Number of protein chains: 2
Amino acid sequence: MSCALPFTDADCVLLEHGSGGRLSHRLISELFYPAFKNPLLQQEHDGCVFPVEAGRMAYTTDSFVVQPIFFPGGNIGDLAINGTVNDLACCGAVPMYLTAGFILEEGLPLADLQRIVETMSRSAAKANVHIVAGDTKVVERGKCDRIFINTGGIGTVPPNIDISPLRAAVGDAIICSGNIGVHGIAILSARESLGFETVLQSDTAPLNKMLSALLAQHEVHVLRDPTRGGVGTTLNEIARSAKVEMVLDEAALPIPETVRAASELLGIDPLFIASEGTVLVILPEKAAAEALSVLRQFPEGKNAAIIGRVTASGKASVQLKTGYGSHRIITMLNGDQLPRIC
Amino acid sequence: MSCALPFTDADCVLLEHGSGGRLSHRLISELFYPAFKNPLLQQEHDGCVFPVEAGRMAYTTDSFVVQPIFFPGGNIGDLAINGTVNDLACCGAVPMYLTAGFILEEGLPLADLQRIVETMSRSAAKANVHIVAGDTKVVERGKCDRIFINTGGIGTVPPNIDISPLRAAVGDAIICSGNIGVHGIAILSARESLGFETVLQSDTAPLNKMLSALLAQHEVHVLRDPTRGGVGTTLNEIARSAKVEMVLDEAALPIPETVRAASELLGIDPLFIASEGTVLVILPEKAAAEALSVLRQFPEGKNAAIIGRVTASGKASVQLKTGYGSHRIITMLNGDQLPRIC
């Protein structure tokens, strides 16, 4: 993992690194291959070919434009791996293979790229996935913002698993597997222009092992990670898909004090701040207590809490029962309070 | 296909279109879904789930940053679909499902986005593939160059097909399925700064149907589309993988007169100019004549020609036999003569 920088002829990304010619090949063979090495990637082909068994597969993609690219608790690299791993896991799949497409700005220090790529390699190992195909483009200075990464991923869905937002049903409990809003506040704190100090680190993490353990023991109806738009928007999406009403218990929301304080300072609602290592689990209420204890066995799930219930069907709504007993409607995020959070 | 612009509240892309909130949902439900509509995309999930049969699959990804985004013969949208379809086809696969990741610059006219997305929809239909998952991010004005698109794709590899650069063998013929350098010159002609007039249109096209027909009838060793880096770099890559020597016949190269003239004007070598609707086919020489006639049955293959042979093994080299009978070594492209060609 500690390969020295091999580019004696350049210490930053040049347009020629995206040419498809000699410097492109050096970038691939000296930086990407050593970090991501696996037999599928090294087929030296336009794509990779692998055997599959009969069954079901999940397939997803996400682009990452987070700013800044390095932030407390992670960088754009692990965010890109974990984001796609978690999207597959939220389909009920066991993530297998990922692709990585890089768009680089001329002038990006190669040391930054190497640091990002090594982080991706470690995150992929942690999630037990392989990066099997990739692509690199370079654009002129000022035509992108240092680095954008697209990751795609595929995985197999084990038999008897049926995860879909359409399955949210009256009587289901809503579990939030971890703290709310931590990633968003960590990013904001890293943006110089805001300049407030906080010790919060992004919660970016692969959740596939925790979710596999959960799915092996319990029937789950819906899984969804509340990234962009946060818990508020994500639950609204599910409520709309399934046409159900949800009621959240304000007192049960796992919002850390630092997130609460920073949100008040910024005038934003923690329910709309992104998490990157948290998942919303909707499942029959009778299984909720046991599911909680499964989640809590994992470090990513130690703050898991039952935050609400699906109370009615027919029309979509998400309500928050406040400490005073009143109900507040939680609508979908209007406008973009936190651009480029992922 | 002729949906009117539904965005009465905005005629260009806003940061809020990437927020994950209300405007993101409108963009998805009013622009992307109507264009790409298919049941898999509309699972309203973090990814799509589909059944697979036992066998082999191919998986690939590519990002597109072509400039300008609209050019003679196409735009960034069909380039992104055809590029990934052709990468799968060059693995010997039947392309099935594609993903699309959009990075949009704040201020991009929604009419431009709609035109691109509709082109993608038409190209996908032509190649018989479905866009089953997607993602949209928006960055601030000046932080990208209007639009970048990543496409990923998966396909099934039929039994008994084994395409790999490692299989190029002594005695093989090298076929070029179409004209050389057309896409690159079309892009250059579209860049205002160059300002020369030409009637050349990009050759961007899906090649999967033509290649399926070829693979159904003939044993093929290698397939590769000479995009970035052109025929010269692509053959060098294959020669290195297989450690073989190739000799090309200059007189046989299908280089249109307009490409030749524009290349001379610009001082560049057509062998290093990208094609986007052409494929290099390497197969046993005894099958070459029949393979040519299969390719020529398709409009994309009407200019197909045998351009050279694999002559020796042991070390990698690509040589060009000129009209005077001398041999010139063709090395891999050094530097980037044509940035952002795809």
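The rules behind each value
- Numbers given to residues run from 1 along each chain, matching the order in which its sequence is written.
- Chains and ligands are labelled sequentially in the order written, the chains with letters from A and the ligands with numbers from 1.
- Two thresholds apply to this predicted model, a pLDDT of at least 70 for residue-level local features and 80 or more for giving and counting side-chain atom pairs, whereas whole-chain, interface and lining totals are computed over all residues.
- Think of the side-chain values as coming from all heavy atoms in the structure, minus any hydrogens and water.
- DSSP calls a pair of strands paired once it identifies at least 2 bridges connecting them.
- Starting at the N terminus, helices and strands are each numbered in turn, a helix being any DSSP run of H or I of at least four residues and a strand any DSSP run of E of at least two.
- Interaxial angles span 0 to 180 degrees and are taken between N-to-C directions of axes, which are lines fitted to C-alpha atoms, for helices over the stretch in contact.
- Each reported salt bridge corresponds to a side-chain nitrogen of Lys or Arg within 4 Å of a carboxyl oxygen of Asp or Glu.
- Whether a residue is buried, partly exposed or exposed follows from its accessible area with a 1.4 Å probe, protein chains only, as a fraction of its type maximum: under 20%, in between, or over 50%, in that order.
- By construction, the arc corresponds to the directions joining the helix axis to the C-beta atoms.
- Contacts are residue-level and defined by heavy atoms, with any inter-residue pair within 4.5 Å sufficient.
- Buried area is understood as the total, over both parts, of accessible area removed when two parts are fitted together, assessed with a 1.4 Å probe.
- In protein, a polar contact means a hydrogen-donor-capable atom and an acceptor-capable atom, both N or O and within 3.5 Å, with residues adjacent in sequence counting only if both atoms are side-chain atoms; elsewhere, any N or O pair within 3.5 Å suffices.
- As a working rule, the residues Ala, Val, Leu, Ile, Met, Phe, Trp, Tyr, Cys and Pro are called nonpolar, Asp, Glu, Lys and Arg charged, and the rest polar, with Gly in that last group.
- Here roughly perpendicular refers to angles of 65 to 115 degrees, roughly parallel to angles under 35, roughly antiparallel to angles over 145, and oblique to all remaining angles.
- Crossings are assigned a handedness: left-handed for a near helix turned anticlockwise from the far helix by less than a right angle, right-handed for a clockwise turn.
- pLDDT runs from 0 to 100 and stands for how confident the predictor is about each residue.
- The copies were overlaid by least squares, fitting only the C-alpha atoms of residues that reach a pLDDT of 70 or more in each copy.
- Each domain span listed reflects an automatic or database assignment of domains.
- Only a pair of cysteine sulfur atoms within 2.5 Å qualifies as a disulfide here.
- For the purpose of counting charges, residues Lys and Arg are taken to be positive, whereas Asp and Glu are taken to be negative. His and the chain ends are not included.

## A short note on the sheet that holds strand β11 (residues 280–284) of chain A
Residues and elements named next belong to chain A.
Move 1: Spatially, the seven strands line up as an open sheet ordered β9-β11-β8-β12-β10-β13-β14, and their pairing is mixed. Among the strands making up the open sheet, the edge pair consists of β9 (222–224) and β14 (327–329). Averaged over all neighbouring strand pairs, the angle between strand axes comes to 25°, with direction disregarded.
Move 2: As judged from the five bridges shared by strand β10 (residues 244–249) and strand β12 (residues 305–313), these two strands associate in the antiparallel manner. Bridging from a neighbouring strand, L248 pairs with G308 of β12.

## Describing the pattern of salt bridges
Move 1: Under the definition given, this model contains 27 salt bridges over all chains.
Move 2: In this structure, the salt-bridge partner of R224(A) is E237(A), at a minimum N-O distance of 2.8 Å. On the criterion of sequence distance, the pair formed by R224(A) in strand β9 and E237(A) in helix α6 (residues 230–242) is long-range, its members being 13 residues apart. Exposure class is identical for R224(A) and E237(A). Each is buried.
Move 3: Each member of the salt-bridge network shares a partner with another, and the members are D62(A), R228(A), D135(B) and K137(B).

## Description of helix α7 (residues 257–266) of chain A
Residue and element names in this part refer to chain A.
Move 1: Taken residue by residue, α7 has V259, A262 and S263 as its buried positions. Viewed end-on, α7 has its buried residues packed into an arc of 100°, placing them on one side of the element. When the buried face of α7 is taken as reference, the exposed residues oriented beyond 90 degrees from it are E257, E264 and L265.
Move 2: On the buried face of α7, the contacting elements are α4 (182–190).
Move 3: Just past α7, the residue G267 takes up positive phi, approximately 70°.

## Thoughts on the interface of chain B and chain A
Move 1: Listed as interface residues are 79 residues of chain B and, on the opposing side, 79 residues of chain A.
Move 2: Area buried by chain B at its contact with chain A is led by R22(B), D46(B) and Y59(B), which between them contribute 14% of it.
Move 3: Where chain B touches chain A, the interface holds seven salt bridges.
Move 4: Run the count over chain B and chain A and you get 32 residue pairs in polar contact (both at pLDDT 80 or more).
Move 5: The set of elements that each furnish at least two residues to the side of chain B that touches chain A consists of α1 (22–36), β1 (48–52), β2 (55–64), β5 (94–105), β6 (130–139), β7 (147–157), β9 (222–224) and α6 (230–242) of chain B.
Move 6: Top contributing element to the side of chain B that touches chain A by residue count: β2(B), with nine residues.
Move 7: Of the residues that constitute the side of chain B that touches chain A, the class distribution is 32 nonpolar, 27 polar and 20 charged.
Move 8: Where strand β1 (residues 48–52) of chain A meets β2(B), five bridges bridge the pair, whose relative direction is antiparallel.

## A word on the packing of α1(B) against helix α3 (residues 110–127) of chain B
Residues and elements named next belong to chain B.
Move 1: Axis separation between α1 and α3 bottoms out at 8 Å; the angle between their running directions is 30°. Taken together, α1 and α3 sit at an angle that is classed as roughly parallel. The chirality of how α1 crosses α3 is right-handed. On α3, the residues touching L27, L31, F32, A35 and F36 of α1 are L110, L113, Q114, V117, M120 and S121.

## Considerations on the confidence of the model for chain A
Residue and element names in this part refer to chain A.
Move 1: Mean pLDDT over chain A: 93, with 94% of residues reaching 70 or higher.
Move 2: Considering only residues more than four positions removed or in separate chains, one finds that residues 1–5, a stretch of pLDDT under 50, has nine contacts.
Move 3: Interface predicted TM-score (ipTM) for the complex: 0.95; the corresponding pTM is 0.95.

## So, the relation of the copies chain B and chain A
Relating the two copies of this chain is a rotation about some axis coupled with a shift parallel to it.
Move 1: Superposition of chain B onto chain A requires a rotation of 180° combined with a translation of 0.0 Å along the rotation axis, giving an RMSD of 0.0 Å. Accordingly, the operation relating the two chain copies is best matched by a two-fold axis.
Move 2: Taken together, the interface assignments show that 100% of the residues at the interface of chain B recur at the interface of chain A, consistent with an identical surface on both copies.

## Quick notes on the domain arrangement of chain A
Residue and element names in this part refer to chain A.
Move 1: Partitioning chain A into domains gives domain 1 (15–157) and domain 2 (165–329).
Move 2: One C-alpha centre belongs to domain 1, the other to domain 2; they are set 27 Å apart.
Move 3: In this assembly, 20 residues from domain 1 lie in contact with 23 residues from domain 2.
Move 4: Contact with domain 2 buries area across many residues of domain 1, yet P72, N86 and C90 alone supply 30% of it, more than any other trio.
Move 5: Between domain 1 and domain 2 we count zero salt bridges in total.
Move 6: For the interface between domain 1 and domain 2, the tally reads seven residue pairs in polar contact (both at pLDDT 80 or more).

## Some thoughts on the state of the cysteines
Residue and element names in this part refer to chain B.
Move 1: One pass over the full model with this rule turns up zero disulfides over all chains.
Move 2: C90 takes part in no disulfide bond, and the closest cysteine sulfur, belonging to C91, lies 7.4 Å away.
Move 3: A residue is classified by how much of its surface remains accessible, and C90, at 1% relative accessible area, is buried.

## Remarks on the side chain of D225(A)
Move 1: Positionally, D225(A) belongs in the loop between β9 and α6.
Move 2: Comment: no salt bridge for buried D225(A); closest opposite-charge side chain is R224(A), at 6.0 Å.
Move 3: With residues up to four places along the chain from it excluded, the contact list for D225(A) reads N86(A), D87(A), C90(A), T234(A), T278(A), V279(A) and D46(B).

## A few points about the environment of T311(A)
Residues and elements named next belong to chain A.
Move 1: With respect to the secondary-structure elements, T311 resides in strand β12.
Move 2: It is 6.7 Å that separates the C-alpha atoms of T311 and V247, two residues lying 64 residues apart in sequence.
Move 3: With residues up to four places along the chain from it excluded, the contact list for T311 reads V170, E245, M246 and V247.

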